[in-house]
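Report on the structure
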Amino acid sequence: MIEPFGNQYIVARPVYSTNAFEEEHKKRDRHHKTFLGHLKVCCSCSTQKAKRIVLSLLPIVSWLPAYRFKEWLLSDIVSGISTGVVSVLQGLAFALLVTVPPGYGLYAAFFPTIVYLFFGTSKHISVGPFPILSMMVGVAVSRMAPDTTPNISSTDSSLNDQKVVVAATVSLFSGIIQLALGILRIGFVVIYLSESLISGFTTAAAVHVLVSQLKFILQLQVPSHSDPFSIFKVLESVFTQIEKTNIADLVTALIILLIVFIVKEINQHFKDKLPVPIPIEFIMTVIAAGVSYGFDFQTRFNVSVVGTMERGFMPPITPDVQIIQDTIGDCFSIAIVAFAVSFSVASVYSLKYDYPLDGNQELIALGLGNIVSGAFRGFAGSTALSRSAVQESTGGKTQIAGLISAIIVLIVIVAIGFLLEPLQKSVLAALALGNLKGMLMQFAEVGRLWRKDKYDCVIWIMTFIFTIVLGLGLGLAASVAFQLLTIVFRTQFPKCSTLANIGRSNIYKNKKDYLDMYEPEGVKIFRCPSPIYFANIRFFRQKLIDAVGFNPLRILRKRNKALRKIRKLQKQGLLQVTPKGFICTVDAIKDSDEELDNNQIEVLDQPIKTTDLPFQIDWNDLPLNIEVPKISLHSLILDFSAVSFLDVSSMRGLKSILQEFIRIQVDVYIVGTDDDFIEKLTRCEFFDNEVQNSIFFLTIHDAVLHILMKKDYSTSKFNSSQEKDGKMDFTVNTNGGLRNREYRVRFFNRFIFI
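These lines cover the structure that appears in this document, whether it is placed above or below. Treat the numbers as computed from the prediction; the structure is a model and nothing was measured. (Residues numbered from 1 in each chain as written. Predicted model: local features only at pLDDT ≥ 70, side-chain atom pairs only at ≥ 80, totals over all residues. Heavy atoms only, no water.)

**Focus: the side chain of K655**
Take K655: it is sitting in helix α29 (residues 648-663). By relative accessible area, which is 17% here, K655 ends up buried. Residues within four places of K655 in sequence aside, it is in contact with E685, F686, D688 and V691. (Helix = DSSP H or I, 4+ residues; strand = E, 2+ residues; numbered from the N terminus. Buried < 20%, exposed > 50% of the residue type's maximum accessible area, 1.4 Å probe, protein only. Contact = heavy atoms within 4.5 Å.)

Okay, here's the thing in structure tokens:
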């Protein structure tokens, strides 16, 4: 019964152990499906289920019939044109990261967008090349098709063809992995990439991108590296050839970078006033291509240009099985990172515009897009935040904007691509670097994370270091392993605490945190805030021993030794029992501990049996020549409200701990567990004559009141720091005061809070 009383409440109910609660309140019979039951439901077929599957696999069937042509079409067309221009330029620029001719970046910008139109669930993201993924594909390409000599020409057709095959094969197999993960409904794998890990990884990858573009900005012949420490090898190669820098390329790139950064800041600052962002990348590309063509930069300054661009589409390729075998690790990393980045960006817009997002369907859409792109000589893509921001900020409502952007890319592929042939590669490199600002600015995350959560900050820093030193593939694997290790560390060494009552209520907090706290004499409340499993059961035991102040196994062995001595003295008539205690007629006992132990330490770990003695033993009042550590603890409460699971290994350890306390006459109670926890203990035959299921109580306060009733306390006994408040009844109220003695309520079957 609960009665409101102003800003307080009154609760009147019995003191519940778990068994008593289940006896009074009947549980509902619940049928849990077996694996075969779930499989049967999964494999069953009906008209409604078939319709639901079709709609989920082809989301366009759901939203296209409801498309508002009059309201949305114009916005989608404007957005699609703006996004398409950006997609063309980013496709060309990011192809340099893959180390393939720039024209192939247009295929990567076209095919995934078309596929996502039919299979994607996000209305606002723009699918296509992404710098981090392009860099990861480029690492695999550099390893499988390396530049054999520093002076090799970048226009070597056979080498370029080999690189295209590697990039396409890696992209295709990455898409197959994504498709398989989506079909198997295990898109949850992305949850193992935390925000801190993704932030640190993308920041380090941005540094890799920055370093990789130096050879195009400076026009140096830098061999590719894909092994650990590759970034340092590239820097060494760049600085050893710095005197060979092409000044025209360097000046052009710096001018482009400066103008792009300034205009992007203007776009950001005046985004609420500008109808559409200023397409600075497009403007600078047109100007740079015109200037390069008009002044013949390629001949006069020996700059490196895009060169011949194939008009139209090239026939699909057959993936190389040997390449798949050699790059399977890269493919898996690319698949996971692509989905993680895409789903993160899509989640932002789904929350902003309040529409559902299906993670598994996103995997299927990305996978099919990368399969088609790889088959037609493109490379793996995801979504770029900058490109998606353009699509959303220019008024894009649905993926019709993506269709329009794909048409813009198609026009460049089949008709006007030749206009970009005189464009300098250093311009594309500058445009690629211009899109890294957001990722490089993530360095500011370190300070924020340090203030909020030091574990996340360490994850960010270590992810950044691993990715910089080991490279993108190995760095990601090492980062995930380190992140999981921090979780193990936090559960292996939990912050256990000793609780005490606060405010004379039913509230129990860490006794180190508050001033006005007390605990009944001889009662210790210990809280473990993590799962208990094989890796932390020893730590749990040690923390519990530290909390109670003694080792129960040591006390048990001492008492069994003392019991042997008492029996021997009693048989020899050297021990007399009086109302005031024991009287021993000898000053010392000649038997050594080794003789008493009889070299069998296991015997001392058994329960203490005193039924054969004609008297009761008070272990705190023994003959002077028999020494056993005295303990004042008679009850131990274990708060397991935060213990989510217990494995078999730790179960044996926990039972051993409970038995040790019980055998030295310390009652143990466990509180806060759910029913599944107790059911698992029952299945594993945890309970016996010593450790019984009656030790479980609903709350800490239930266990405390049970202890008080069991010890027949009429008033609570407090420690010396609390005796100044007087000895009062344990009836409590929430305003911090205690009831007067004249209002005392004895706790025989219920308790009251006022």
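**A word on the packing of aromatic side chains**
Summed over all chains, the structure comprises 29 aromatic pairs. Both rings, one in F229 and one in F232, keep their centres 6.3 Å apart while their planes meet at 40°; by these two values the pair is tilted. The exposure class of F229 is partly exposed, given its relative accessible area of 45%. Ring geometry for W460 and F464: centres 5.6 Å apart, planes at 10°, overall stacked. Of this pair, W460 and F464 both sit in helix α23 (residues 454-470), separated by four residues, roughly a single helical turn. (Phe/Tyr/Trp six-rings, centres within 6.5 Å; stacked < 30°, edge-to-face > 60°.)

**Observations concerning the pattern of salt bridges**
Applying the stated criterion to the full structure yields 16 salt bridges. Between E265 and K437 there is a salt bridge, and its shortest N-O distance comes to 1.6 Å. Residue E265 is located in helix α12 (residues 247-269), and its partner K437 is located in helix α21 (residues 437-440); the two are separated by 172 residues in the primary sequence. On the basis of relative accessible area, K437 is assigned to the partly exposed category, the value being 32%. Between E519 and K511 there is a salt bridge, and its shortest N-O distance comes to 2.9 Å. What makes E519 buried here is its relative accessible area of 12%. On the basis of relative accessibility, which here comes to 35%, the residue K511 falls in the partly exposed class. One connected set of salt bridges, linked through shared partners, spans K27, D675 and E679. (Salt bridge = Lys/Arg side-chain N within 4 Å of Asp/Glu carboxyl O.)

**Here we look at the packing of helix α6 (residues 104-119) against helix α19 (residues 400-416)**
The N-to-C vectors of α6 and α19 enclose an angle of 150°; their axes lie 9 Å apart at closest approach. As summarised for this structure, α6 and α19 are arranged roughly antiparallel, according to the angle between their axes. For the pair α6 and α19, the sense of crossing is left-handed. Residue-level inspection shows L106, Y107, A109, F110, T113, I114 and L117 of α6 in contact with α19, the latter providing I400, G402, L403, S405, A406, V409, L410, V412 and I413. Taken together, the residues of the contact of α6 with α19 sort by class into 13 nonpolar, three polar and no charged. (Axes fitted to C-alpha atoms, helices over the stretch in contact; angles between N-to-C directions. Parallel < 35°, antiparallel > 145°, perpendicular 65-115°, else oblique. Left-handed = near helix turned anticlockwise from the far one by under 90°. Nonpolar A, V, L, I, M, F, W, Y, C, P; charged D, E, K, R; others polar.)

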